[in-house]
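# Fold and geometry: a report
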Amino acid sequence: MTQPPVHTLSVDLPQGGYPIWIGTGILGQLGPRLGELASATSAVVIADAQVAELFASQVEESLRQWVPCVHRLVFPPGEESKSVRQAERLWQQLLDLGTDRRAVVVALGGGVTGDLAGFVAATFARGIRLVQVPTTLLAQVDSSVGGKVGINLPGAKNIVGAFWQPLAVLIDTAVLDSLPANQYRAGLAEVVKYGVILDADFFAYVEQNTQALGQRRPEVLQTIIARSCQLKAQVVAQDERETSGLRAVLNYGHTFAHALESAGQYSRWLHGEAVSLGMNCAALLARRLGRVDQAFCLRQGRLLEELELPVRLPPGLDHQRLLELMHHDKKAQAGRLRFVLPRRLGQVELVEGVPSQEVLAALAEAEQFPPQA
Ligand SMILES: NC(=O)c1ccc[n+]([C@@H]2O[C@H](COP(=O)([O-])OP(=O)(O)OC[C@H]3O[C@@H](n4cnc5c(N)ncnc54)[C@H](O)[C@@H]3O)[C@@H](O)[C@H]2O)c1
Ligand SMILES: [Zn+2]
């Protein structure tokens, strides 16, 4: 039987890189591919209950071609599982299984699984190897690349964590077939983000393929996922631990998005939906500051709309409250507002000390689309 083709990217880091394998229908290649890369005594698949039901058997069967001993640990789906309680449960279960430092954790699932299982791998026995098998579009284009893993404390997202690079990442676009439409679209917001911050040609490619993206066509998915991973990997390679400020460009639209998510109790919008709204706010703010023109705001907004993502802020939001939330964002320095703002398609800059009244004015403008000239 011929195997579906695999596109391999490599993430280069000072301490050694790792491959990202991308293809359609390639879940079954996981075990044999890992076998060419490393040896291990056992593999522990960690997944939420929903994803375990869909894909764990296939992944485990493949892993058995690599290691004799394959286990499965399951936790309840949802952001609430990124908790100390679930991490403790998983540590204990790893201990009960007799997991040693030659074992490998396989994080099979969305960003919640990647972050939780990754954090457990980073900390158990002072760190065991991790393989990421992302199954949401968000995880495939964003959270599985870059090495950030972690859990939440009540009221503080991602506050406990580590940088823990995987041994490999395997991305199978076929798993996206079962992903709910809103989750799928939310992932596309991050794809648009990469185009705006780093690659105008990629932005144009997404514009030209909105229909194919709506149909989740494998070849287009492979292209956008590969390019997104490549762009994120390049940024991460230059600023692995977020020290130089370079990695901040990835936060385009996110200062607004985080405030919206928080104001919406993390239930009103999915992260990607908030990012879509946030990118529109950031574009309008940049226009107010004379950094981009109306055409930029229109082009970005139209693409988001074509992808069925929200761009217009609903009326009745408390803008003053949003502003306060932005002042308290982890990424604000000493309460000074900083934004990643576009200069042109494919280029953004970190802008410090943006006046509050400009932010409020941008929020007001964002209630309309197309924006007034
Ligand atoms: N580490 C990073 O760099 C980074 C970056 C961005 C986001 N994140 C984190 O990612 C998390 C969000 O990730 P997410 O959006 O993937 O959410 P998620 O992991 O909760 O997945 C969303 C839902 O989709 C289900 N699901 C997953 N794959 C499926 C599939 N193929 N078919 C059907 N259902 C499927 C899951 O069971 C879950 O219910 C947040 O906690 C965020 O903080 C981390
Ligand atoms: Zn994001």
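Residues numbered from 1 in each chain as written. Chains lettered and ligands numbered in written order. Predicted model: local features only at pLDDT ≥ 70, side-chain atom pairs only at ≥ 80, totals over all residues. Heavy atoms only, no water.

Let's shift gears to the coordination of the zinc ion (ligand 2). Binding of the zinc ion (ligand 2) to the protein goes through Glu190 (OE), His254 (NE2) and His271 (NE2), at separations of 2.0 to 2.1 Å. A relative accessible area of 0% means that Glu190 is categorised as buried. On the accessibility criterion, His271 (25% relative accessible area) is partly exposed. (Donors = N, O, S within 2.8 Å, 3.2 Å for Na, K, Ca; no water. Buried < 20%, exposed > 50% of the residue type's maximum accessible area, 1.4 Å probe, protein only.)

Looking now at the domain arrangement of the chain. Structurally, the chain comprises domain 1 (7-178) and domain 2 (181-365). The three residues of domain 1 that bury the most area against domain 2 are Leu137, Val141 and Phe163, which together make up 26% of that side's buried surface. Connecting domain 1 to domain 2 are 2 salt bridges. A salt bridge links Lys148 to Glu242; the shortest N-O distance between them is 2.9 Å. Of all the secondary-structure elements, those providing two or more residues to the side of domain 1 that touches domain 2 are strand 1 (7-11), strand 2 (18-23), helix 5 (137-143) and strand 8 (156-163). Top contributing element to the side of domain 1 that touches domain 2 by residue count: helix 5, with 5 residues. (Domains from an automatic or database assignment. Buried area = accessible area lost by both parts, 1.4 Å probe. Salt bridge = Lys/Arg side-chain N within 4 Å of Asp/Glu carboxyl O. Helix = DSSP H or I, 4+ residues; strand = E, 2+ residues; numbered from the N terminus.)

Here we come to the packing of aromatic side chains. Under the criterion given, the structure shown has 2 aromatic pairs. When the centroid spacing of 6.1 Å and the interplanar angle of 50 degrees are considered together, the rings of Trp91 and Phe119 count as tilted. You can see Trp91 sitting in helix 3 (residues 84-96) and its partner Phe119 sitting in helix 4 (residues 111-123), a full 28 residues away along the chain. On the basis of relative accessibility, which here comes to 26%, the residue Trp91 falls in the partly exposed class. (Phe/Tyr/Trp six-rings, centres within 6.5 Å; stacked < 30°, edge-to-face > 60°.)

Next up on the list: the site of ligand 1. Surrounding ligand 1, one finds 25 residues, the nearest of these being Glu79, Gly111, Thr135, Thr136 and Ser178. Note that an oxygen atom of ligand 1 is positioned 2.6 Å from one of the side-chain N or O atoms of Glu79. The contact in question runs from an oxygen atom of ligand 1 to an N or O atom on the backbone of Gly111, over 2.7 Å. In isolation ligand 1 exposes 870 Å². Once the protein is present, 87% of that is buried. By residue number, the principal contributor to the shell around ligand 1 is helix 2 (residues 49-63), which donates 4 residues. Grouping the constituent residues of the shell around ligand 1 by class yields 8 nonpolar, 9 polar and 8 charged. (Near = heavy atom within 4 Å. Polar contact = N/O pair within 3.5 Å; in protein donor to acceptor, adjacent residues only side chain to side chain. Areas by Shrake-Rupley, 256 points an atom, 1.4 Å probe, with all protein chains shown as cover. Nonpolar A, V, L, I, M, F, W, Y, C, P; charged D, E, K, R; others polar.)

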